[in-house]
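# Descriptive structure summary
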Amino acid sequence: MSYCLWYWPEIQGRGEFVRLALEAAGINYVDCARIDGAEAMMNDLEQRAGSGTGPFAPPYLVQGDQAIAQVANILLFLGDTHGLAPAAPAERYWLHQLQLTIADLVAEVHNVHHPVAMMDYYEDQKPEADRAAEQFRNQRLPKFLDHFEAAATAHRGDWLTGDRWSYGDTSLFQLVEGLRYMFPQRMGTLEPDYPALVALHDKVAALPGIKAYLASDRRIPFNTQGIFRHYPELDGA
C-alpha cells in the first residue's frame, strides 16, 4: 500500500507534519507534486472540488478514491490506521486535541509575517509584522510552549503517550525545528525553560526513519517561502 501526498513542492510548510509521521513509521508514500509539479496538484484539487466533499487546500492524502485533508485530520487517520496513536479513546482524543493546538500555533506563526493581509508580500507590511513579532515572541510563544512542556511530562515513559512515539511527538519535533529557524535568538533564551520539550525533540531526531529523512534530499530546507520564515529584524532575545 502506498499513499499519494499532495502538497506544494518547494516548501516544508504544513505538509511536513504529515511527511514526518510517514517517514518515522516507514509508510510508503509518493510526494506527488514534487514529481508532477504544482500545476498537477491544482488540477487534481480542482477535479476533486466538483464532488463537494473534496479538500479545500493541500496538504491532502489520497488512497484509492479517498482524499483526506487538514493536517490534524490526516494524522488522526494515520494514527488510527497505522497505530501511530493510542488505542484508548481518551488518550487518542487528547493527542488529537494537542495536534489541533499545534495547528493554532502554526497559524499564529504565519500571521507574524502576514499580519495585515495573507496575500500581500511581507515587504508590504513590515511595520505591522514587527509589532506582531514582538507580541508573539514575548506573550504568545511562551504560553504555547508552557502548554507543550506540560504535555511532554503528562505521562510516564519517553514519549507523549507513554512508551511508543506517536504523530504528536513528530509534530512537536517539527514545531521546535521551525521555531529555532524562525526565531533563533528568542528560542535560545526560552529553551532552557522547556527541558522536556527539547528532550522530546532530540528523541524524535534519533528515530531511524527521521534520522534517515533529515539526511536525505527529501527534507527541503527551511526558507522564506514557507510558514516558518527567518527575518532577522523580527527576532530578538
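Look up a bit, the structure's there.
I will try to describe carefully the structure that is included in this document. (Residues numbered from 1 in each chain as written. Predicted model: local features only at pLDDT ≥ 70, side-chain atom pairs only at ≥ 80, totals over all residues. Heavy atoms only, no water.)

What follows concerns the overall build of the protein. Of regular secondary structure, the protein possesses 10 helices and 4 strands. Mapped in sequence order, the helices and strands of the protein form the string β-α-β-α-α-β-β-α-α-α-α-α-α-α. For the protein, the C-alpha radius of gyration of 18 Å lies close to 18 Å, the compact-globule estimate for 237 residues. By its C-alpha atoms, the protein is 50 × 45 × 35 Å across when sized along the principal axes. Sorting the 237 residues of the protein into buried and exposed places 51% on the buried side. Excluding contacts between residues fewer than 6 apart, the proportion of contacts in the protein whose partners are at least 24 apart in sequence is 72%. Roughly 11,300 Å² of accessible area belongs to the protein as shown, and the carbon and sulfur atoms make up 51% of that amount. Charged side chains of the protein number 19 positive and 31 negative; the gap between the two group centres comes to 4 Å. (Helix = DSSP H or I, 4+ residues; strand = E, 2+ residues; numbered from the N terminus. Rg over C-alpha atoms; globule rule 2.2 N^0.38 Å. Buried < 20%, exposed > 50% of the residue type's maximum accessible area, 1.4 Å probe, protein only. Contact = heavy atoms within 4.5 Å. Areas by Shrake-Rupley, 256 points an atom, 1.4 Å probe, with all protein chains shown as cover. Lys, Arg positive; Asp, Glu negative; His and termini not counted. Charge placed at Lys NZ, Arg CZ, Asp CG, Glu CD.)

What follows deals with the packing of aromatic side chains. One pass over the full model with this rule turns up 6 aromatic pairs. Aromatic side chains Tyr122 and Tyr231 sit 3.9 Å apart centroid to centroid with 10 degrees between the ring planes, which places their arrangement in the stacked category. With Tyr122 in the loop between helix H5 (89-113) and helix H6 (126-152) and Tyr231 in the segment after helix H10 (208-214), this pair connects stretches of sequence that are 109 residues apart. In terms of burial, Tyr122 and Tyr231 fall into one category: buried. On the basis of an interplanar angle of 90 degrees and a centroid distance of 6.2 Å, the ring pair of Phe222 and Phe228 is categorised as edge-to-face. Phe228 shares its class with Phe222; the two are buried. Aromatic rings pair up to connect Tyr181, Phe222 and Phe228 into one cluster. Taking the ring centre of Tyr93 as reference, the NZ or CZ of Arg92 above it sits at 4.9 Å. (Phe/Tyr/Trp six-rings, centres within 6.5 Å; stacked < 30°, edge-to-face > 60°. Lys NZ or Arg CZ within 6 Å of the ring centre and 35° of its normal.)

Turning next to the nonpolar core. Counting residues in hydrophobic clusters, the biggest one holds 61 residues, and the most contacted among them are Leu78, Phe148, Leu172, Leu175 and Leu179. Examining the composition of this core, we find that 8 residues originate from one element, H6, more than from any other. Those residues in contact with Phe148 that sit more than four places away from it in its chain are Leu98, Thr101, Ile102, Leu105, Leu172, Leu175 and Leu197. Among the nonpolar cores identified, the runner-up in size contains 9 residues, and Cys32, Met41, Leu45 and Tyr60 belong to it. (Core = buried A, V, L, I, M, F, W, Y, C linked by side-chain atoms within 4.5 Å.)

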